[in-house]
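Listed here are the chains, written in short residue letters.
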Amino acid sequence: MPKHLKRMRAILNTNARLQEVNTFGTSKIDLSILGPYDPIQGKIFYIPYVPIPINAFFEFFHDKNMSPDLEKFIFFQYNGVEFAKYFIHPSRTANYHKLIEKYGIVRGEIPGFLAGSPRSFIVWDPNKPKLQPFVVKTSLHFKVNDDLKLNIPNKLHRSHYVNSVMNSISQKIRDKYQFDFLPESAQMMPQEMRAATFYRELTDDYFRDDKIIVPGYYLSSARTHGRQAAIAEILDSSQNIVEDAAEMLRPLLRTSTLLMFEEGLKGELHEQNVDIEVELVAKSSGKKPKNTFEYSTTHWGKLTGKIIIKDLDSFRVDSELRIRKEKTISGLRDAFKPFIYTKFTRASGWSDADAPLFNQEAFDAYIVDTFGYSFSQALALNKKDAEKFYRKLNEIMAEEVSNIIGRDIKYPHAISRRESWLDDIAREEKQIADEKVNRLLIDKTLLNNELQNILRQEYSRLRSIRRSTALHGSLNNEKTYFILHRDVIEAREFDNDTQTDVAIGFAALESKKQPGQMQFEVRMKQLSSPQVLIAIERFIKNQGYPAQNLNCSAILQPGSK
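Criteria and thresholds
- Here the residue numbers are simple positions, counted from 1 along each chain's written sequence.
- For this predicted model, a pLDDT threshold of at least 70 governs which residues receive local features, and a threshold of 80 or more governs which side-chain atom pairs are given and counted, while totals over whole chains, interfaces and linings are taken from all residues.
- Only heavy atoms go into the side-chain values, all of them from the structure, while hydrogens and water stay out.
- Each helix is a run of H or I in the DSSP string that is no shorter than four residues. Each strand is a run of E no shorter than two, and both are numbered from the N terminus.
- The contact criterion used is simple: two residues touch if any of their non-hydrogen atoms lie within 4.5 Å.
- Only the protein chains shown count as covering a residue, and every accessible area follows the Shrake-Rupley method with a 1.4 Å probe.
- Two strands are said to pair when DSSP picks up at least two bridges between them.
- Whenever a helix is involved, its axis is fitted only over the stretch in contact; in every case the axis is a line through C-alpha atoms, and angles between N-to-C directions fall within 0 to 180 degrees.
- By definition here, a salt bridge exists when the distance from a side-chain nitrogen of Lys or Arg to a carboxyl oxygen of Asp or Glu is within 4 Å.
- The pairing test for Phe, Tyr and Trp rings, Trp by its six-membered ring, is centres within 6.5 Å, and the orientation test on the planes gives stacked under 30 degrees, edge-to-face over 60, and tilted for anything in between.
- Residue exposure (1.4 Å probe, protein chains only): buried if accessible area is under 20% of the type maximum, exposed if over 50%, otherwise partly exposed.
- Only when the NZ of Lys or the CZ of Arg is both within 6 Å of the ring centre and within 35 degrees of the ring normal is a charge said to sit over the ring.
- Take the residue count of a helix, subtract one, and multiply by 1.5 Å to get its expected span.
- Roughly parallel covers angles under 35 degrees, roughly antiparallel covers those over 145, roughly perpendicular covers 65 to 115, and oblique covers all other angles.
- Should the near helix be turned anticlockwise from the far one by less than a right angle, the crossing is termed left-handed; should it be turned clockwise, right-handed.
- Confidence of the predictor at the level of single residues is given by pLDDT, which spans 0 to 100.
- For this analysis, a nonpolar core means a set of buried residues of the types Ala, Val, Leu, Ile, Met, Phe, Trp, Tyr and Cys, connected via side-chain atoms within 4.5 Å.
- In protein, a polar contact means a hydrogen-donor-capable atom and an acceptor-capable atom, both N or O and within 3.5 Å, with residues adjacent in sequence counting only if both atoms are side-chain atoms; elsewhere, any N or O pair within 3.5 Å suffices.

Trainee: I'd like to hear about the overall build of the protein chain, residue by residue, with values.
Mentor: Along the protein chain, the regular secondary structure elements total 16 helices and 22 strands. Once local pairs closer than 6 in sequence are excluded, the contacts in the protein chain between residues at least 24 apart make up 70%. For the protein chain, the computed accessible surface area is about 24600 Å², with 48% contributed by carbon and sulfur atoms.

Trainee: I'd like a description of the sheet that holds strand 2 (residues 49–53), backed by residues and values.
Mentor: Strand order in the open sheet formed by 3 strands is 2-5-4, and the pairing between neighbours is antiparallel. Two strands lie at the open edges of the sheet, namely strand 2 and strand 4 (75–78), each paired on one side alone. Geometrically, the sheet is characterised by an average inter-axis angle of 40° between neighbouring strands, direction not taken into account. Relative to strand 5 (residues 81–87), strand 4 runs antiparallel, the two being bridged by 4 bridges. Bridge assignment links phenylalanine 76 to a residue of strand 5, and that residue is phenylalanine 83.

Trainee: Account for the sheet that holds strand 13 (residues 197–201), naming residues and giving values.
Mentor: Pairing between sheet strands relies on hydrogen bonds along the backbone, with the strands arranged either parallel or antiparallel. Ordered by their spatial adjacency, 7 strands build an open sheet running 1-6-7-8-13-12-3, and the pairing between neighbours is antiparallel. Of all the strands in the sheet, just strand 1 (44–46) and strand 3 (57–62) have a single pairing partner and so form its edges. For this sheet, the mean inter-axis angle between neighbouring strands, taken without regard to orientation, is 25°. Pairing analysis gives 4 bridges linking strand 7 (residues 120–123) to strand 8 (residues 134–137), with the strands arranged antiparallel.

Trainee: Tell me about the pattern of salt bridges, residues and numbers included.
Mentor: Following the criterion strictly, the structure yields 36 salt bridges and no others. Linking lysine 310 and aspartate 275 is a salt bridge whose minimum nitrogen-to-oxygen distance equals 3.0 Å. Remark: aspartate 275 occurs in strand 16 (residues 274–282) and lysine 310 occurs in the loop between strand 18 (299–309) and strand 19 (316–317); sequence separation between them is 35 residues. Salt bridges sharing partners connect three or more residues here, namely Lys137, Lys155, Glu184, Arg200, Asp311 and Asp313.

Trainee: Which residues make up the packing of aromatic side chains, and what values do they have?
Mentor: A complete count under the given rule lists 18 aromatic pairs for this structure. When the centroid spacing of 5.5 Å and the interplanar angle of 10° are considered together, the rings of phenylalanine 76 and phenylalanine 83 count as stacked. For phenylalanine 76, a relative accessible area of 27% gives the class partly exposed. Site record: aromatic cluster; members linked through ring pairs are Phe57, Phe60, Phe75, Tyr86 and Tyr96. For the cation-ring pair, lysine 283 lies above tryptophan 300, with the distance from its terminal atom to the ring centre recorded as 4.6 Å. The lysine or arginine in question, arginine 316, covers the ring of phenylalanine 358, its NZ or CZ lying 3.7 Å from the ring centre.

Trainee: Describe helix 10 (residues 359–378), naming the residues involved and giving the relevant values.
Mentor: One turn of an α-helix holds 3.6 residues; hence residues three or four places apart share an orientation. If you check helix 10, its first and last C-alpha atoms are 27 Å apart, about what 20 residues at 1.5 Å a residue would give, namely 28 Å. Here helix 10 lies mainly inside the structure; 15 of its 20 residues are buried. Alanine 380 lies just past helix 10 and shows a positive phi near 55°.

Trainee: Which residues make up unusual backbone geometry, and what values go with them?
Mentor: Positioned with a positive phi, glutamine 178 is a non-glycine residue whose angle comes to about 55°. Inspection of the secondary structure puts glutamine 178 in the loop between helix 5 (171–176) and strand 11 (179–181). With a phi close to 65°, aspartate 311 is a non-glycine residue in the positive phi region. By secondary structure assignment, the location of aspartate 311 is in the loop between strand 18 and strand 19. For aspartate 311, a relative accessible area of 14% corresponds to the buried category.

Trainee: An account of the packing of helix 7 (residues 241–248) against helix 11 (residues 383–405) is needed here, citing residue identities and associated values.
Mentor: The contact between helix 7 and helix 11 brings their axes to 9 Å, and the two run at 40°. In this view, helix 7 runs oblique relative to helix 11, as classed from their interaxial angle. Crossing of helix 7 over helix 11 shows right-handed handedness. Of the residues in helix 11, those touching helix 7 at Val242, Glu243, Ala245, Ala246 and Glu247 are Asp385, Lys388, Phe389, Lys392, Leu393 and Ile396.

Trainee: Tell me what's going on with the confidence of the model for the protein chain, and back it up with residues and numbers.
Mentor: Confidence along the protein chain averages 82 in pLDDT terms, with 77% of residues attaining 70 or more. Ranking the elements of the protein chain by mean pLDDT puts helix 16 (residues 552–556) last, at 39, and strand 11 first, at 97. In the model, residues 16–27 has pLDDT below 50 throughout and makes 32 contacts with residues more than four positions away in sequence or in other chains. Predicted confidence is poor over residues 543–561, with pLDDT under 50, and the contacts of this stretch with residues over four places away or in other chains come to 34 contacts.

Trainee: I'd like a rundown of the side chain of threonine 203, residues and numbers included.
Mentor: With respect to the element layout, threonine 203 can be found in the loop between strand 13 and strand 14 (211–215). The contact partners of threonine 203, leaving out residues within four places of it in the chain, are Gln132, Phe181, Leu182, Pro183 and Ile308.

Trainee: Quick one: what's the story with the nonpolar core, residue by residue and with numbers?
Mentor: Core analysis: the biggest nonpolar cluster contains 78 residues, and Met166, Phe261, Phe315 and Phe389 have the highest contact counts within it. Take this core: its biggest share by element is 9 residues, from helix 11. Leave out the neighbours within four places in its chain, and methionine 166 touches Arg174, Phe181, Leu259, Leu265, Ile309, Leu312 and Phe315. Membership of the second largest hydrophobic core comes to 36 residues, among which are Val50, Leu70, Leu99 and Leu131.

Trainee: Can you break down the environment of phenylalanine 293 residue by residue, with the values?
Mentor: Here phenylalanine 293 lies in strand 17 (residues 293–294). Contact partners of phenylalanine 293, with chain neighbours within four places excluded, come to Tyr218, Arg223, Ala230, Glu233, Ile234, Val278, Trp300, Gly301 and Lys302.

Trainee: Account for the pairing of strand 14, with residues named and values stated.
Mentor: In terms of residue burial, strand 14 counts as a mostly covered element, since 5 of its 5 residues are buried. In strand 14, alternate side chains face the same way, and those of Lys211, Ile213 and Pro215 on one face and Ile212 and Val214 on the other are all buried. Both strand 14 and strand 16 contribute to a ladder of 5 bridges, which runs antiparallel. Bridge assignment links isoleucine 212 to a residue of strand 16, and that residue is valine 278.

Trainee: Please provide a residue-by-residue account of the environment of glutamate 361, values included.
Mentor: Among the structural elements, glutamate 361 can be located in helix 10. You can call glutamate 361 partly exposed: its relative accessible area is 39%. The spatial distance from the C-alpha of glutamate 361 to the C-alpha of serine 420 is 8.7 Å, given a sequence separation of 59 residues.

Trainee: Tell me about helix 11, and please be specific about residues and values.
Mentor: The terminal C-alpha atoms of helix 11, which comprises 23 residues, lie 33 Å apart, in line with the 33 Å expected from a rise of 1.5 Å per residue. Where helix 11 starts, the residue carrying a side-chain oxygen 3.2 Å from the main-chain nitrogen of lysine 384 turns out to be asparagine 382. Positive backbone phi, approximately 80°, marks glycine 406, located one or two places after helix 11.

Have a look at this one:
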C-alpha cells in the first residue's frame, strides 16, 4: 500500500459513521448489515470489475480533463474493441450475475478500502506504482435507513453535470476562496443494470508530507487514548469559544456562498462531503502552539482554512442562474434528457414561487445541522451558548452573501423571514437578473421575425425529443419569444403590457457526442438564409458570448465543414 494511503486509511475510519445529528435521525446509522464492508472496520479487500465494451453502456460520460494515467488504466483495447473497467461493490456480486455471465469478472487484482462511506472505495494498482490512487463510487445493493444506495441515472447525470460546472470555475477563483474539489471524471452505467459507477480523482493535496487532508467529521469525532476532539483542543485557550468556533466555519460558509449565489451550485456540504486541510507542525518543544491540536506523537495539526469538496452528485444546479450570469451549462448538452436528471434545476418552466431554490436547506440541513451541531456537542456548549453559536453562523453567512451579491445583508436585521432568508434573497437576485433579460427582449434583433421562426422550429424539435423542459402555454402564442444562448434556447412568454414573465422554458442544444444528430449550426444552415446566420452571430457578440460557439462565419464559407 502506498505510504500516504496508510495515513489516509487511519484518518478516514476514525469515525466513519455519519454523526448523530438532527437531519439524519436521533441515533447512529446502523451499518452492521454490511458485515466486513462496514467502513468503521477499515478492512482492505479486492474490488472486482467487469470489463465492458464502451459502446455497450446505457449511459457513459468521460471528461476530457481526466488524468492521462487514470485514463490508460480504466480504458483498454482488446481485439480492436475499446473496453472500460466497470467496478462493482464486492458485497453483492450476485446482483450482477447477468452482466458477469456476458462479460466475465476480474477479481483479486485491485485492492482498496472504504473511504468513510459504505460504497466509495479508495483503490490503487500494485503493479502500477506511478498510478495515483483514486476513488470508485459503486452502487450498493443494500438498504441503509430504508434507502437503497444505488447510483441511479439521476445521480450519474448530476455527477457529470456538476463536474463540468466545477471545472469551469477558474483556479484563480478557487485559490482566492481556498477551496478545491475532487473531479468525478467518468460515469458509466451498463445496459443490463441501472446501477452506475463513478470515478473520482484524488488531488495532489492528499499525498503531501507536510499536510494532511481530514474529513469534516474528524474535527468533532472522539479520539483515541481519551484525547479531546480536535476542535476542542484547537479552542482550548479561546477567550470567546462561541465566536471562535463559528469563525472556524467561515471558510466553508464563504465557499458555499460563492457556489450558491455566483455559480448556482447548492450542495449537501455535510461532514462526509467536505474535507479539510491540516498543516503538520513538528513538535520542537513540549509546549503546544496556539490554535493547534495533537495530531500524533511527533506533530501538531493546524487548520489552513482550505476545504476540498467531494460527492458531486449531491449538488443541485440552478441552471437558470448560470444562464443569467452568462456561465456555461455545456454539461447539460451531453445528456439526452438534460433537464429531467438535473435535480431541482431552476430551468424547469415552473413559476418563481414554486421553484425549489434549495439555498436555505443547503445551509440549514447540511451545514448548521451537521458541522454546527457536531461542533456544539464536541465543545459541550450549553443551550444558551449553542443558540449564540447558531446565530453567529447565520451572521457570518449574511456577511459572505453581502460580499458576493454586492448588497448589504444583515442578520437578523432586514431579514423578514428568518426561516427562508437565503431563498428570499435568491428570489430578489433572480428578479434583478430578469430585468436585464427583459431589457434584451426590447432589442429589435431579438424580435427579428425570421430569426424567431428558426428558433421556434428548433425549440419545437428539441422539445419533441424531450431535450426541453415544459413551457406553460402554446409555442404558437404570439407572446412567446426565443433567445439563443451558448448552450440552450430559452423560451419566454412575455407580457407586452407588464413586461413580466408568465413562464420560462429551456431546450438544451445537442452535443457533438450525440451520434447521428446534426449540429445546431448545420441545422441553421439548412433552415435559414445567410442574412439570418449573420444576425445570429451579431446577436451572440452583442451579448458578450464568443461567436465561435456557433462558428456562423465559418459555415458560410464554401467548402467549410
